[in-house]
Amino acid sequence: MKDADDVLLVIDVQNDFMPGGALAVAHGDEVVPVINRLARGFSHVVLTQDWHPAAHISFAANHAGRSPFDMLTLPYGEQVLWPTHCVQDTPGAALHRDLDIAHARAVIRKGHHAGVDSYSAFLEADRKTPTGLGGYLREVGVKRVWCCGLATDYCVAWSALDARAAGFEVALIEDASRAIDLNGSLEAAWRHLHAAGVKRVQAADLHSTLEAGDMHD
Ligand SMILES: [Zn+2]
């Protein structure tokens, strides 16, 4: 069992990111059983939800003449325009029904400011506005952040990079995550992650560590 130094950060395992959802990530549903099993090895789990107002700036539908996956230049930088997704309190924004982590301690909802997107669980896309997750994790003594969920190349990668920038040791669990891979975004994400010192691990590596750790309990 991972102890108080570790947190499993489960990112955006929500209906709209599942096959058939508004912003489907291919094979996104396959992460659910993997994450459920991983979570049983962590005493501390935090979940995130993408949680947008209907008027959110990242939705193509809110920009006349623009289509999903167009790029738009905003005051804080380049923004991908997405299909309308994860609108607050809609079924699409709900966590996948089979996600089974009763002991999760906190849910961070991000992207709630209408004018700013937030891929990262730590810092909004203006790169200035904190979500509060970094302070929370520091205050409870976490040192290592294990990231998984959807999508590898956007919300998971950005969260992992920001966790690293906030001073945590960070690993991204590759097979407990799935990617969107838009215009080479997955390869670029791994390049940035590697450069930042984020470890790339598989769930099986972690199970062997967890089971070895359990033997000492
Ligand atoms: Zn979003």
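The shown structure was predicted, so the numbers you read here are calculated from the model rather than taken from an experiment.

**Quick word on the coordination of the zinc ion**
Taken together, Asp50 (OD), His52 (NE2) and His85 (NE2) make up the full set of protein donors to the zinc ion, lying 2.0 to 2.1 Å away. Taken in sequence order, the residues that donate to the zinc ion follow the motif D-x1-H-x32-H. Taken together, the positions of aspartate 50 in strand S2 (residues 45-50) and histidine 85 in the loop between strand S4 (77-80) and strand S5 (106-110) put the pair 35 residues apart, joining distant regions of the chain. Neither aspartate 50 nor histidine 85 differs from the other in exposure class; each is buried.

**Quick word on the pattern of salt bridges**
Using the criterion set out here, one finds 11 salt bridges in the structure. When the shortest N-O distance is used, the salt bridge between arginine 66 and aspartate 70 registers 3.4 Å. Accessibility expressed as a relative area gives 32% for arginine 66, which makes it partly exposed. In this structure, arginine 127 engages aspartate 162 in a salt bridge whose closest nitrogen and oxygen atoms are separated by 2.6 Å. Taken together, the residues arginine 127 in the loop between S5 and helix H2 (133-139) and aspartate 162 in helix H3 (residues 152-165) connect sequence positions 35 residues apart. In this structure aspartate 162 comes out as buried when scored by relative accessible area, which is 8%. Through salt bridges with shared partners, one network takes in Asp5, Asp6, Lys143, Arg144 and Glu169.

**Looking at the packing of H3 against helix H4 (residues 185-196)**
As a packed pair, H3 and H4 sit with axes 10 Å apart at the nearest point and diverge in direction by 10 degrees. Accordingly, the angle class assigned to the pair H3 and H4 is roughly parallel. The residues of H4 that touch H3, namely those facing Thr152, Asp153, Tyr154, Ala157, Ala160, Leu161 and Arg164, are Ser185, Leu186, Ala189, Trp190, His192, Leu193 and Ala196.

**Focus: the UniProt feature "domain: Isochorismatase-like" (unreviewed entry) in the chain**
The sites that carry the UniProt feature "domain: Isochorismatase-like" (unreviewed entry) are, in the present numbering, residues 7-199. Its end C-alpha atoms 15 Å apart, residues 7-199 is made of 22% helix and 22% strand.

**As for the pairing of S5**
One face of the sheet, then the other: side chains in a regular strand alternate in exactly this way. Of the two faces of S5, only one is covered, namely that formed by Ala106, Ile108 and Lys110; the face formed by Val107 and Arg109 stays uncovered. Pairing geometry for S2 and S5, over five bridges, is parallel. The residue of S5 that forms the bridge with threonine 48 is isoleucine 108.

**Some remarks on the pairing of strand S7 (residues 169-178)**
Where strand S6 (residues 144-150) lies against S7, six bridges are found, and the strand directions are parallel. Bridge pairing in S7 places leucine 150 opposite arginine 178. After leaving S6, the chain enters H3 and then returns to the sheet as S7, a path that is right-handed. Bridge analysis of S7 against strand S8 (residues 199-201) gives three bridges, and the strand direction is parallel. Counterpart to leucine 172 in the pairing with S8 is arginine 200. In this region the chain leaves S7, passes through H4 and returns to the parallel neighbour S8; the handedness of that crossover is right-handed.

**Comments concerning the sheet that holds S5**
The sheet built from six strands is open, its strands ordered S5-S2-S1-S6-S7-S8 with parallel pairing. Each edge of the sheet is formed by a strand with only one pairing partner; in this case those strands are S5 and S8. If you compare each strand with its neighbour and ignore which way they point, the axes differ by 25 degrees on average.

**So, the side chain of aspartate 6**
Mapped onto the fold, aspartate 6 is located in strand S1 (residues 6-11). At 2.8 Å, the side chain of aspartate 6 forms a polar contact with the side chain of arginine 144. A polar contact of 2.8 Å, which involves the side chain of aspartate 6, links it to the side chain of tryptophan 146. Sequence-distant contacts of aspartate 6, defined by excluding residues within four places in its chain, comprise Phe42, His44, Arg144 and Trp146.

Calculation rules
- Residues numbered from 1 in each chain as written.
- Predicted model: local features only at pLDDT ≥ 70, side-chain atom pairs only at ≥ 80, totals over all residues.
- Heavy atoms only, no water.
- Donors = N, O, S within 2.8 Å, 3.2 Å for Na, K, Ca; no water.
- Helix = DSSP H or I, 4+ residues; strand = E, 2+ residues; numbered from the N terminus.
- Buried < 20%, exposed > 50% of the residue type's maximum accessible area, 1.4 Å probe, protein only.
- Salt bridge = Lys/Arg side-chain N within 4 Å of Asp/Glu carboxyl O.
- Axes fitted to C-alpha atoms, helices over the stretch in contact; angles between N-to-C directions.
- Parallel < 35°, antiparallel > 145°, perpendicular 65-115°, else oblique.
- Contact = heavy atoms within 4.5 Å.
- UniProt positions renumbered as here; feature names shortened; annotations may be inferred.
- Pairing = 2+ DSSP bridges.
- Right-handed = clockwise from strand over helix to strand, strands pointing away.
- Polar contact = N/O pair within 3.5 Å; in protein donor to acceptor, adjacent residues only side chain to side chain.

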